[in-house]
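# Remarks on the overall topology
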Amino acid sequence: MGMEDDILKDFLAESKENLERLDQEFVELEENPQNEDLIKSIFRTIHTIKGTAGFFGFTTLEGIAHFAEDILSKLRDKVIGVNEEITTMLLKAVDHIKAILASLESTGKEPDDIAYLDFIVDLRNFAERVVKGRALKTPQSPPAPAAEEKTETVTGPASEETSQTSDGSDQPSRVDEGRQGSAMETPPASAPVSTAGPGPRQVNPPAAEPPASAHQLTETHVRVDVQLLDRLMNLAGELVLSRNRLAQIAGTLNNPDLMAANQRTSLIVTELQEQIMKTRMQPVGNVFNKFPRIVRDLAKAAGKQIQLRIEGAETELDRSIIEVIKDPLTHMVRNSVDHGIEAPDIRIQKEKPPSGTLVMRAYHEGGQVIIEIQDDGAGIDPARIRTKAVEKGIITEAQARTLPDRDAVQLVFHPGFSTAEEVTNISGRGVGMDVVKTNIERLGGTVELLSEKGHGTTVKIKIPLTLAIIPALIVRSGGQRYAIPQVNLVELVHLGREALEWDVQTIGGSEFYRLRGEILPLVRLEDVLGSPGGRDRRDDLSIVVLSTGDRQFGLVVDGISDSEEIVVKPLGKHIKHIPCYAGTTLMGDGRVALILDVMGIAASVNLKGEERLREAEEKDTAVGEERQFILLFSLDPAEVFAIPLALVNRLDKISASQIENIGGQEVIQYRGTSMPVIRLEHHLPIRPIPEMEEYHIVVFHMNKRDIAFLVGRIEDSLNLAVDVDDRVYKGGGILGSAIVKDRTTLFLDVYQIISRHDPGFFAMPAITEAGRGRILLAEDSTFYRNLLSSYVEAAGYEVVTAEDGLEAWEIISEDTKGPFDLLVTDIDMPRMNGLELAAKVRGSERYRDLPIVAVTSLSSDDDKRRGIQAGINDYQVKLDRDHILGAIRDLLSGLSYKEAA
Amino acid sequence: MHGMETHLPASIEPDLKPSSGGGRQFVTFSVGRHSFGLPIEDVIEINRSLDITPVPMAPPHVAGVINLRGHILTSIHLAQRLGIPDTGEQKEGILHNVVVGSREEPVSLIVETIGDVCTVPWEQIAPAPERIEGIHRRFVKNVCKLPGRLLVILDTKDFEEPDGEDMRRDLGAP
C-alpha cells in the first residue's frame, strides 16, 4: 500500500508538471499546427496519464485520457489537422484531467460528479465525429510515420516508470508498473465506444523521443524538500560567521599558513553560499508559462485577438516570491485582456493591427527584478476614471476637476475601484488592483502604472530578488546597529553645524528639515525606540530619508555605516508585536541586529498614510488652493494666528528676563547677535500678550538678518489647503482669515508686520535703484495673492492683481491698467493656467518680451522645462521671498532698456 | 566575546546525582538567592554569556536577542521575569544562557550560576505553596525540599509564550 501511495504521489507530481507544459504546447500548436514534435509530446503526456490511471483503476481519468489520446493520435498521424475546435476540446480535456488530479491529490479519490461522465460522452462523440467526419479516408495513409515510430517504441516505455503503453484493455498486466511497455496495441480497446477507424495505426509512438528527454530529466534533476534548502542556507550563513571568526583568530596569530588556508576556506564558503542561494531561485518562466493558455482562453471569451509575447522568462526569482506574484500577475493580465486591448473591429478603426499584443517581460535591474505587463490597447481614460471614482464616492466632483491625469490613473489602485462597466467573467471578480498593489508591497515591491490613452498601458512591478536576503542600510543609534531595507530608502542627508542651525526647525516636539523647499518631518530613531540618553546637541546630523510609499520622512540616526546584503530572520514571539521591527539579522561579527520596519515607525510617530487621505478629503473645501504647512500660535489663548511654516526659520523659548530694551527696541541675544523681537500687539489690533515668565519666539531669517515674533503659545503645525477669506479682515498686517480646526484663524502678513516694525528691514539697495516697476500678478489663491502682492509692494513695486490666468490676460489685452514691466504668475490656475498665459503673452504684439516669473509651491525639473518652453524666464518657489524679489530685480534691470524700444 | 560560546552539555556532572529510577531530573541554577530547576528534557543547552543585542521597546523582561549558531533567540531576563529584585548587575561576566523550549522557537533564560543536574525522588516534589517570597507565584510549578535549600521548579511553557498583559501594555505605550 505504501508503495502504491508513493507511486501515486510521483504520478501526481509528474503529471502536474507535464500538464502545465501542455497548456503552452497547445497554444503553440495552434500557431504552428505542423509541428510534429509538439503533437508527440502532448500525446505522450496524455498517454502516460491514461496508462497510470488504468493501473490505479481511476476509470474517469482513464476515459478522458483515452479519448483525448484518440484525437491526438489522429493529429499525430496527420489523419486530421489541428484546428481551433479540436484544440479547444483537447484543452477542455486537459482541464478535466487537472481537476481530477487535484481531487486525487486532496481526497485520494476521483471526484464523484456526473459532469465528468458527461464530458467523457461529449469527448467521445467529438472524437468519433473527428475520425469519421474528416478522416475516413486516411486510415491507410500513414504507414510511414508508424514505421518510424515503431522503431522508437523499443526504447520508449522503459524510461518512464508510469508510462503504460498497453492501453486500457488489459489492466491487470500493468500491475507490475508497466515498465515493459507492451506497446503496439490499439487504443480503443478499453473504451466502450471507441472510434475503431484509425485504431491500428496508433502504434504507441509516443515513446519516440520522450524517453530521451525524460531520461535526461531524471538524471539531472532531483526533487528536494524546500525546508532542506532553507536549512542548508541557514547553515551556510553560519559557516560564514565561523569563517569570520576564524579569520580574526588567524589574524591575531599571524600565522601565514593558517591565513592562507583560511583565505581559501573563505572563497569556498562564499561560493557555497551563492550556490545554495541559487537553489532557491526559479525562473519566472514557471509562472509565465501558464499565461499563453490563460490569454488564449480569455481572448477567445472576449472575442479579441491577442498575441502574447514573453520576454526574459529565464529571469530568476526566489521561489517564495514566485508563489506570491502568481495571482497579481494573473489579475493584471486579465485586466489587459478585458479592459485594455480592444476588439478587432475597434482596433481596425483606430488603425491598429486587429490583433493586440500583450507583452510579459522580466529582467533584472539594480538588484531587483522588474516585471512588466504591457499592452497596446486603449490605455486608461483619465476622464472615465474620474467619473467612476466620483460615482463610487472615492473622490468628490470638485477633486475630480482638479486632479491631474497622471494622478487620476493611479486611482485604479484605490480599494473598491473597478472600471469594468459590468462584472464580466474575466475580470471583476472582486479582486481589484488595490489587492495587487497590497500583495506586491507586502513583498517589499512597488507597482507603477503608466498609461497613454489610445496607446496602451504598462504595469511595472519591481520586486526584490528574494525575501530571505535583502539589501539594507546599516545605521547606528544608541550604540546599536539597525538595518533599514533599501527599498524604503530615498536618500541620505548629512547636515553640518551650519545647515543644522538654519534648516532644521523645531515646532513643539517635532522637528522638520527643509529639503529642497519641501518640508520633511524628522523622526529621531532614539526617540522612536525610547532609548535613554539625552539629546546632546551634536554638531552634525545624519538623516536617512525614507519613503513609506505615499509619504517621506527623515530618520535621524547617530551614524550611517554600510550597505549590506542581510539575511532576514523572523522576530521571536516576545518581540513580534513591536511595530518598529520587521525582523532580525546576523551581522558579520556574529551579533544580531534588528531590522527596522519603516511603515511601523511611520505609524508609531503618526505619519500615517490615512492622514493624507483625510487631508485629501479636507481638500475639497478649498478647491484650487495649494496645500502647505502652516504654523498656528497664539498670544492670548482666545486668538489664533497662522503663518506659513516655510517662512519660519526656528522656534525657540526664551525667558522674560532675556528681553532687553535698547534704544526703544526690544531685543534678545540670539545666535551671537542682538535680534529684534516684535510684539505683535504693537502692530495689530489684537489682545496683548500676557506677562509670562517664558515666551516662545518665532524666528525669521530674512534679508540675511534674524528677527522674531514674541508669542505666548505654539499651538500646532498643520499641512492643509488654506482657503483664506479676505473680506472680513484684511490689511494692516493681516492677509485674511480662515477656519482652521474649527476656529477662526487670522493669517498674518509677516513681511508687512516686519516692515512696519522696522521700515528699513527689507531695504535692498538694488531694488530702489531698479524700482518703479509695474507688475501684474496672476494667482488664484487669495492667500498667496495677498502675501505675494504684500511683499512685492513692500519692495517698492506697483502691483496689479488678477485672480487667474484669464483675468490677467484680459487685463493685458484690454490694456486698461498697463503698461506692465513684468508678469508674476502662478502655474496651476483655473480657466487659464500659467503656461497658457505665458504662451499668450509671448504671442502678443506688445508684450512679446515681457519678463515672466512663474511661482509655484513646489517645482520639479519637469515643470521648469515646460515653463521655459512656454516662455517663462524664471521659476521660483512662492514663499521664497528673497529669491522672488531677486528674480524680479534682475529681470527688470536686465530688460528695462528693451521696454523702451 | 568571540570564542566564548562554549557549549556545555546540559547534563553536566551527571555523576554527582546519578539518576535513580524513581525520580525526575532537573537542571538547577540560581538567580539572586533562589535555586531553580527546570525539567532536564526541557533544556536544550546551556551557554556561557553570548552577546546580547538589546531590543528597545520590548517588555522589560526581554533582555534582547542572541545568536545561537545562526538561530536568533529571544533572551529572557529570568530575574526580571520572576520579579526578583535586581541585584546581580556586577555578575555580568558570568551570566549563563539556559536555552529551553521547543525546537521551533526556543528561548534563552539568563541566569546567574549553573548548578548540578539533580534527580529528585517523586515523593519530594511538592505542589507550589501559596506564596514564595520575592517570586511571581504564577511561574512556580512545584517545589522540592532539598537538604539545606528549596528548589523551585519552573514551567518552561510560561517563558515560551509572551505575556498577554505585557503585550497590551507595550502596544498601548506611546
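Residues numbered from 1 in each chain as written. Chains lettered and ligands numbered in written order. Predicted model: local features only at pLDDT ≥ 70, side-chain atom pairs only at ≥ 80, totals over all residues. Heavy atoms only, no water.

## Side note on the overall build of chain B
Our working definition: What counts as a helix is a DSSP run of H or I of at least four residues, what counts as a strand is a run of E of at least two, and both are numbered from the N terminus. The buried label goes to any residue with under 20% of its type's maximum accessible area, the exposed label to any with over 50%, and the partly exposed label to all in between, with areas taken from a 1.4 Å probe on protein chains only. Each accessible area is a Shrake-Rupley estimate made with a 1.4 Å probe; only the visible protein chains count as cover when residues are assessed.
Within chain B, the secondary structure is distributed over three helices and twelve strands. A burial count over chain B gives 49% of its 174 residues as buried. Split by element, the accessible area of chain B, about 8600 Å² in all, is 53% carbon and sulfur.

## A word on the packing of helix 12 (residues 291-302) of chain A against helix 13 (residues 319-340) of chain A
All names here are of chain A. The line we're drawing: Convention adopted: a line fitted to C-alpha atoms gives each axis, helices being fitted over their contacting stretch, and angles between N-to-C directions are expressed from 0 to 180 degrees. Should the near helix be turned counterclockwise from the far one by less than a right angle, the crossing is left-handed, whereas a clockwise turn marks it as right-handed. Residue contacts are defined here by distance: any two heavy atoms, one from each residue, within 4.5 Å place the two residues in contact. Side-chain classes follow a simple rule in which Ala, Val, Leu, Ile, Met, Phe, Trp, Tyr, Cys and Pro form the nonpolar group, Asp, Glu, Lys and Arg form the charged group, and the remainder, Gly included, forms the polar group.
At a minimum axis distance of 10 Å, the contact between helix 12 and helix 13 shows a crossing angle of 35°. Considering how the two elements wind past one another, helix 12 and helix 13 form a crossing that is right-handed. The segment helix 12 lies against helix 13, with F291, I294, V295, L298 and A299 engaging K326, L329, T330, V333, R334 and V337. Among the residues forming the contact of helix 12 with helix 13, the class breakdown is eight nonpolar, one polar and two charged.

## Focus: the interface of chain A and chain B
Heads up, the condition is: In this description, buried area is defined as the sum, over both parts, of the accessible area (probe of 1.4 Å) that is lost when the two are combined. The salt bridge definition used is simple: a Lys or Arg side-chain nitrogen within 4 Å of an Asp or Glu carboxyl oxygen.
Contacts between the two partners involve 25 residues from chain A and, on the opposite side, 31 residues from chain B. Contact with chain B buries surface across chain A, with K573(A), H574(A) and H577(A) losing the most and accounting together for 32% of the total. Counting every contact that joins chain A to chain B gives zero salt bridges. When contributions to the side of chain A that touches chain B are tallied by element, the ones reaching two or more residues are helix 9 (226-253), strand 9 (480-485), strand 17 (581-586) and strand 18 (592-596) of chain A. Here the residues of the side of chain A that touches chain B sort into ten nonpolar, nine polar and six charged.

## A short note on the sheet that holds strand 10 (residues 125-127) of chain B
Strands in a sheet are paired, the pairing made by backbone hydrogen bonds, and the direction either parallel or antiparallel. Residues and elements named next belong to chain B. Keep this limit in mind: DSSP bridges decide pairing: two strands pair if at least two such bridges lie between them.
Taken in spatial order, the six strands make up an open sheet running 9-2-3-12-11-10, and their pairing is mixed. What marks the edges here is a single partner per strand, and that holds for strand 9 (113-121) and strand 10. On average, each strand axis in the sheet is tilted by 35° relative to the strand beside it, whichever way the strands run. For strand 10 and strand 11 (residues 140-146), the ladder comprises three bridges, and the chain directions are antiparallel. Residue pairing in the sheet places P127 in a bridge with N142 of strand 11.

## A word on a nonpolar patch on the surface
Inclusion rule: To count toward a patch, a residue needs a relative accessible area over 30% and no salt bridge; like charges are then connected within 9 Å, while nonpolar side chains (Val, Leu, Ile, Met, Phe, Trp, Tyr) are connected within 5 Å.
The grouping of V222(A), V224(A), L228(A) and L232(A) at the surface amounts to a nonpolar patch, some 350 Å² of accessible area in total. As for its placement among the helices and strands, V224(A) is situated in the loop between helix 8 (210-220) and helix 9.

## Some points on the pattern of salt bridges
Residues and elements named next belong to chain A. Throughout the structure, instances matching the rule amount to 22 salt bridges over all chains. Among the ionic pairs, D95 bridges to R293, the shortest N-O distance being 2.6 Å. Separated by 198 residues along the polypeptide, D95 in helix 4 (residues 84-107) and R293 in helix 12 bring together distant segments of the chain. By relative accessible area, which is 6% here, R293 ends up buried. Taken together, the shared-partner salt bridges connect E342, R347, K350, K352 and D376 into one network.

## A few points about the confidence of the model for chain A
Residues and elements named next belong to chain A. Which entries qualify depends on this criterion: As a per-residue measure, pLDDT reflects the predictor's confidence and takes values from 0 up to 100.
Model confidence for chain A is summarised by a mean pLDDT of 74, while 79% of its residues fall at 70 or above. Summarising per-element confidence for chain A, the mean pLDDT is lowest in helix 7 (residues 156-159) (38) and highest in strand 18 (92). pLDDT under 50 marks residues 608-625. Its contacts with residues more than four places away, or in other chains, come to 30 contacts. Contacts of residues 765-771 to residues separated by more than four positions or lying in other chains number eight contacts, the stretch itself having pLDDT below 50.

## Points about the environment of L529(A)
Within the secondary structure, L529(A) is located in the loop between helix 20 (525-528) and strand 14 (541-547). Given the relative accessible area of 2%, L529(A) is considered buried. With 51 residues separating them in the primary sequence, L529(A) and C580(A) have C-alpha atoms 7.8 Å apart. Apart from the residues within four sequence positions on either side, L529(A) is in contact with Y482(A), C580(A), Y581(A), P56(B) and M57(B).

## Observations concerning the nonpolar core
Residues and elements named next belong to chain A. Threshold: The criterion is simple. A nonpolar core is a set of buried Ala, Val, Leu, Ile, Met, Phe, Trp, Tyr and Cys residues joined through side-chain atoms within 4.5 Å.
Within the largest apolar cluster, 76 residues are counted, with the highest numbers of intra-cluster contacts made by F633, V698, F700, F709, L748, I754 and I888. Once residues lying within four places of it in the same chain are set aside, the contact partners of I888 are I775, V792, Y797, L822 and V824. Counting 46 residues, the second largest nonpolar core, distinct from the first, contains I7, I80, M89 and L123.

## Topic: the confidence of the model for chain B
Regions with low pLDDT carry predicted coordinates that are not meant to be interpreted in detail. Residues and elements named next belong to chain B. On average, chain B scores 74 in pLDDT, and the residues at 70 or more come to 74%. Scored below 50 in pLDDT, residues 1-20 shows 36 contacts in the model against residues more than four places distant or in partner chains. Ignoring residues within four places in sequence, the model shows residues 165-174, a span with pLDDT below 50, making twelve contacts including any to other chains. Both confidence scores are given for the complex: pTM 0.47, ipTM 0.79.

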